[in-house]
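Overview (structure and organization)
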Amino acid sequence: MLRLHSFIRPAFRSRRWVHNTPTFSHLNSVNEEDLAHFSSILAPTSILSTLPSISTPADDIAPYNVDWMGKYHGQANSVLRPRTTQQVSEIVKYCAQRKIGIVPQGGNTGLVGGGISLQKEIVLSLGAMNNVRSFDPVSGILVADAGCILQSLSEYIAPHNHIMPLDLGAKGSCQIGGNISTNAGGLRLLRYGSLHGTVLGLEVVLPDGTILDQLTTLRKDNTGYDLKQLFIGGEGTLGIVTGVSILTPPAPQATNNIFLALPRFDNVLPLFQTVKRQLGEIMSAFEYIDRTAYDMGLQHGLGPLLSADEVGDSQCFVLVETSGGNQDHDLEKLNNLLENLMTADEPLINTGVLSQSPTQFNSIWALREGLTECVQKEGKPYKYDVSVPLADFQKVVDAVRERMISKGLYGDHAISKVMGYGHVGDGNLHLNVIAKHGYRPELEAALEPFIYEIVADRKGSVSAEHGIGSMKRDALHYSKSDVSIDCMKKIKQVFDPLNIMNPGKVLP
Ligand SMILES: Cc1cc2nc3c(=O)[nH]c(=O)nc-3n(C[C@H](O)[C@H](O)[C@H](O)COP(=O)(O)OP(=O)(O)OC[C@H]3O[C@@H](n4cnc5c(N)ncnc54)[C@H](O)[C@@H]3O)c2cc1C
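Residues numbered from 1 in each chain as written. Predicted model: local features only at pLDDT ≥ 70, side-chain atom pairs only at ≥ 80, totals over all residues. Heavy atoms only, no water.

The name given to the protein chain in an unreviewed UniProt entry is FAD-binding PCMH-type domain-containing protein, with Suillus luteus UH-Slu-Lm8-n1 as the source organism. Under Cofactor (unreviewed entry), UniProt gives the following word-for-word description of the protein chain: "FAD". Entered under Catalytic activity (unreviewed entry) in the UniProt record, the comment concerning the protein chain runs "(R)-lactate + 2 Fe(III)-[cytochrome c] = 2 Fe(II)-[cytochrome c] + pyruvate + 2 H(+)". (UniProt positions renumbered as here; feature names shortened; annotations may be inferred.)

Have a look at this one:
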């Protein structure tokens, strides 16, 4: 039986949780004079505005004012779509003089409201800056505009036998500049590490319009402070990333995956250890899916990878991927692993399936990657991408479900599903709480700060990869000390003393 009290520290909760709505009295709205100035920088087709001189149809501007989940709604009356770094610089310089707030926006797939205006800030969309600047097939170093779509970059380097060091479900829409600004993790982090390691250099327009050119292609550069790290995960609060230099690894010569059904969650950790030990250097992903998420995926047409009889009463599932240099060698290792797992005296798994073809390989991944979209079809999701010790993954999910039951908020009238899936190999749980009939203040009040407290109590992080945005701005202190937050505020003050760059995001 799960004991909720072991997760909660009531004094901590009531003392620290305040959800503020920021006010931007220091900032001005965009007016006709501003549009006239922007017209001297940009082509007419690069300016969208509801103001009379431009009169963009509301439907054309609406997509920039709502996030992927339909949870955050912005009020920007104008959107600018520059094509060059110089244009970005001139726009920002002008906005600084006029004190106009700027929200940088990439593919708008962020899940924490970071790319949506809070009041009447202008949206600066990077989508028209989408050229590859150079690619060196020997070193694998790619230099590209920030607005390049992640998938397009993957396709660009594929003929050279290289892959992007990151991959995520939103790859068809998210941009490399957005990935860097959120320090996106995703499905390859276990193998290739975080963007803090693979990004070699950045070009950034600072909040006064100055262009910071650190677009180096050097693997090693120990000359003073590594400024680019501040913009990786900076969520557009310190400047606008316009160019990226990134190290892309050679494509693996052999990739395989297996999908395993486990009788209970307690087996996940020993399984992780076993798989790591037996697969060694070829293991490239270890993903977790709980039973609720698996069943939901099936209902929405994903899989089935296993028959109902095979799945039986399995409580959870694990996807393991290998990326290596020799198919025969990797398959032998995988087959040995499966045999050992199935013939053990106390098997850790009920059953499993090994992909035998590229189609099967893709359909195993499709089940994992498709879950986010299935969640979206089920209702309105509250999404928490937390880091907690692996042993606590499912306890956190269960504690949230229990909480909603105890509040009378569980069922089709309120929260219809609570589920967990995620990158177990990175300690990152995607906790999804689905409100069948839409977002409601009482549901959010039951979930927050409850979830942040559970995470803080486990010494976890309230954001493993999606970032802080506006959603978790007031929860930052659950994962960062006062001293850390104070340092961040000082850094913000140095870069953006006028507080025009994505105001109201990240910092409380
Ligand atoms: C189906 C789905 C699956 C996902 N899977 C993952 C996953 O596995 N791992 C993961 O980490 N995330 C995941 N995400 C979240 C999201 O895709 C990432 O956060 C992604 O990196 C956001 O990129 P974007 O271009 O859409 O940025 P946006 O959503 O447009 O912006 C995100 C933030 O970055 C800022 N920003 C954007 N571009 C720039 C720029 N050029 N300069 C400065 N600031 C900028 C914005 O102001 C905002 O604060 C997923 C989302 C979806 C919808």
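Still more to cover.
1. Here we look at the sheet that holds strand E6 (residues 141-145)
Either a parallel or an antiparallel arrangement is found when strands of a sheet pair, and the pairing is made through backbone hydrogen bonds. Read across the open sheet, the 5 strands follow the order E5-E6-E9-E7-E8; overall the sheet is antiparallel. Strands with a single pairing partner mark the edges of an open sheet, and in this sheet they are strand E5 (132-136) and strand E8 (211-214). Each strand of the sheet is rotated relative to its neighbour by a mean of 10°, with strand direction disregarded. Across 4 bridges, the pairing between E5 and E6 is antiparallel. Residue Phe135 lies in a different strand from E6, and its bridge partner there is Leu142. Together, E5, strand E7 (199-205), E8 and strand E9 (240-247) form the strand contacts of helix H4 (residues 85-98), whose direction differs from that of E7 by roughly 45°. In this fold helix H5 (residues 150-157) packs onto E5 and E6, with an angle of close to 40° to the strand it touches most, E5. (Pairing = 2+ DSSP bridges. Helix = DSSP H or I, 4+ residues; strand = E, 2+ residues; numbered from the N terminus. Axes fitted to C-alpha atoms, helices over the stretch in contact; angles between N-to-C directions. Contact = heavy atoms within 4.5 Å.)

2. Remarks on the site of the ligand
Near the ligand you find 36 residues, and of these Pro104, Gly106, Gly107, Thr109 and Gly110 are the closest. One of the side-chain N or O atoms of Asn179 is found 3.0 Å from an oxygen atom in the ligand. Between the ligand and Glu235, the relevant distance is 3.2 Å, taken from an oxygen atom to a main-chain nitrogen or oxygen of the residue. In the complex, 97% of the free accessible area of the ligand, which totals 970 Å², lies under the protein chains. Breaking the shell around the ligand down by element, the ones donating at least two residues are strand E3 (102-105), helix H6 (176-182) and E9. Here the residues of the shell around the ligand are counted per class, giving 11 nonpolar, 23 polar and 2 charged. (Near = heavy atom within 4 Å. Polar contact = N/O pair within 3.5 Å; in protein donor to acceptor, adjacent residues only side chain to side chain. Areas by Shrake-Rupley, 256 points an atom, 1.4 Å probe, with all protein chains shown as cover. Nonpolar A, V, L, I, M, F, W, Y, C, P; charged D, E, K, R; others polar.)

3. With respect to the sheet that holds strand E4 (residues 122-125)
The strand order E1-E2-E4-E3 describes an open sheet built from 4 strands, whose pairing is mixed. Single-partner strands in this sheet number two, and they are strand E1 (47-49) and E3. The average undirected angle you get between the axes of adjacent strands in this sheet is 20°. Inspection of the sheet shows strand E2 (residues 78-80) paired to E4 by 2 bridges, in the parallel sense. Looking at E4, one finds that Val79 is bridged to Val123. Contacting E1, E2 and E4, helix H2 (residues 32-41) runs over the sheet at an angle of about 165° to E1.

4. Remarks on the domain arrangement of the protein chain
Domain annotation of the protein chain identifies domain 1 (132-247) and domain 2 (254-371). Domain 1 and domain 2 are separated by 31 Å when their C-alpha centres are compared. If you look at the interface, domain 1 gives 7 residues, while domain 2 gives 11 residues. Counting each side, the surface lost to burial between domain 1 and domain 2 is near 650 Å², with a carbon and sulfur contribution of 52%. (Domains from an automatic or database assignment. Buried area = accessible area lost by both parts, 1.4 Å probe.)

5. Some thoughts on the UniProt feature "domain: FAD-binding PCMH-type" (unreviewed entry) in the protein chain
Cross-referencing UniProt, the feature "domain: FAD-binding PCMH-type" (unreviewed entry) maps to residues 72-251 in the present numbering. Annotated as residues 72-251, this span is 23% helix and 22% strand, and its ends, taken at the C-alpha atoms, are 37 Å apart.

6. What about the nonpolar core?
Membership of the largest hydrophobic core comes to 66 residues, with the highest contact counts inside it found for Leu271, Phe286, Tyr384 and Leu431. What Tyr384 contacts, discounting residues up to four positions off in sequence, is Leu429, His430, Leu431, Val433, Leu447, Glu448, Ile451, Tyr452 and Met471. Core analysis: the next-biggest nonpolar cluster, separate from the first, contains 28 residues, Cys174, Ile180, Leu202 and Val241 among them. (Core = buried A, V, L, I, M, F, W, Y, C linked by side-chain atoms within 4.5 Å. Buried < 20%, exposed > 50% of the residue type's maximum accessible area, 1.4 Å probe, protein only.)

7. Focus on the side chain of Asn267
Along the polypeptide, Asn267 turns up in the loop between strand E10 (254-262) and helix H10 (268-279). A relative accessible area of 6% means that Asn267 is categorised as buried. The contacts of Asn267, once residues within four sequence positions are left out, are Leu262, Pro347 and Leu348.

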